[in-house]
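# Geometric and topological summary
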Amino acid sequence: MTPAAPTTNSRALPHPAREDIRLEDVLHALSDPMRLRIVRELAAGAGDELSCSHFDLPVTKSTTTHHFRVLRESGVIRQVYRGTAKMNGLRRDDLDALFPGLLDSLLAAADRQAARLGVAD
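What this report covers is the structure whose coordinates are included nearby. (Residues numbered from 1 in each chain as written. Predicted model: local features only at pLDDT ≥ 70, side-chain atom pairs only at ≥ 80, totals over all residues. Heavy atoms only, no water.)

### Considerations on the side chain of Ser74
- Tracing the chain through its elements places Ser74 in helix H3 (residues 61-74).
- Ser74 gets classed as buried once you look at its relative accessible area, which sits at 6%.
- Ignoring sequence-local partners within four residues, the contact set of Ser74 consists of Pro16, Ile21, Asp25, Val26 and Ala29. (Helix = DSSP H or I, 4+ residues; strand = E, 2+ residues; numbered from the N terminus. Buried < 20%, exposed > 50% of the residue type's maximum accessible area, 1.4 Å probe, protein only. Contact = heavy atoms within 4.5 Å.)

Pasting the structure below:
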């Protein structure tokens, strides 16, 4: 009897390994206001994962899906299925190891800009 092949989760989503995350991809992902908003909400969650349905973005569902895909493929977030929910978490440890201080600086700058422009979080 031959051993069974290892099972793979068909719902697993591809993510770049830490060593494959590129600065230009991260900066591109964070250059979009909707994606930056997602990252700000994830950062405010103190390490908690948030489902896609948690985010109330003023764009279509397909555009929201696109924004999450860009963030995941750039290495900014990790997405995993928990039952039927797609959960999102910030890859802070990876980003801080590769680009020390970058995420904190960008988030602080985004907070200052939101306050200056009177934009609600």
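The discussion continues.
### Notes on the layout of surface pockets
- The computed volume of the second largest pocket comes to approximately 290 Å³.
- For the lining of the second largest pocket, the secondary structure elements donating two or more residues are H3 and strand S2 (77-82).
- With six residues, the top contributor of residues to the lining of the second largest pocket is H3.
- In terms of residue class, the lining of the second largest pocket is made up of six nonpolar, five polar and four charged. (1 Å grid on protein atoms, 1.4 Å probe; cavity = no way out; pocket = protein on both sides within 12 Å on 5 of 7 lines; lining within 4 Å. Points joined across faces, edges and corners; volume = space filled by probe spheres on them. Nonpolar A, V, L, I, M, F, W, Y, C, P; charged D, E, K, R; others polar.)

### Some remarks on the environment of Lys86
- Of note, Lys86 is situated in strand S3 (residues 85-90).
- Assessed through its relative accessible area of 22%, Lys86 is described here as partly exposed.
- Separated by 35 residues in the primary sequence, Lys86 and Ser51 place their C-alpha atoms 5.6 Å from one another.
- Filtering out sequence-adjacent residues up to four positions away, Lys86 remains in contact with Leu13, Leu50, Ser51, Cys52, Gln79, Val80 and Tyr81.

### Examining the nonpolar core
- One finds Val39, Leu71 and Val76 to be the most contacted residues of the largest nonpolar core, which totals 23 residues.
- When residues of this core are traced back to their parent elements, those giving at least two are helix H1 (23-30), helix H2 (33-44), H3 and helix H5 (102-117).
- Looking at this core, the element that brings in the most residues is H2, giving five residues.
- Sequence-distant contacts of Val76, that is, excluding residues within four places in its chain, are made with Val26, Ala29, Leu30, Val39, Leu71, Gly89, Leu90, Arg91 and Leu95. (Core = buried A, V, L, I, M, F, W, Y, C linked by side-chain atoms within 4.5 Å.)

### Focus on empty space enclosed by the protein
- Applying the stated criterion across every chain yields a total of one cavity of 30 Å³ or more.
- Lining the largest cavity are Val26, Leu95, Asp96, Phe99, Leu102 and Leu103.
- Contributions of two or more residues to the lining of the largest cavity are made by helix H4 (92-98) and H5.
- Looking at the lining of the largest cavity residue by residue, the classes come out as five nonpolar, no polar and one charged.

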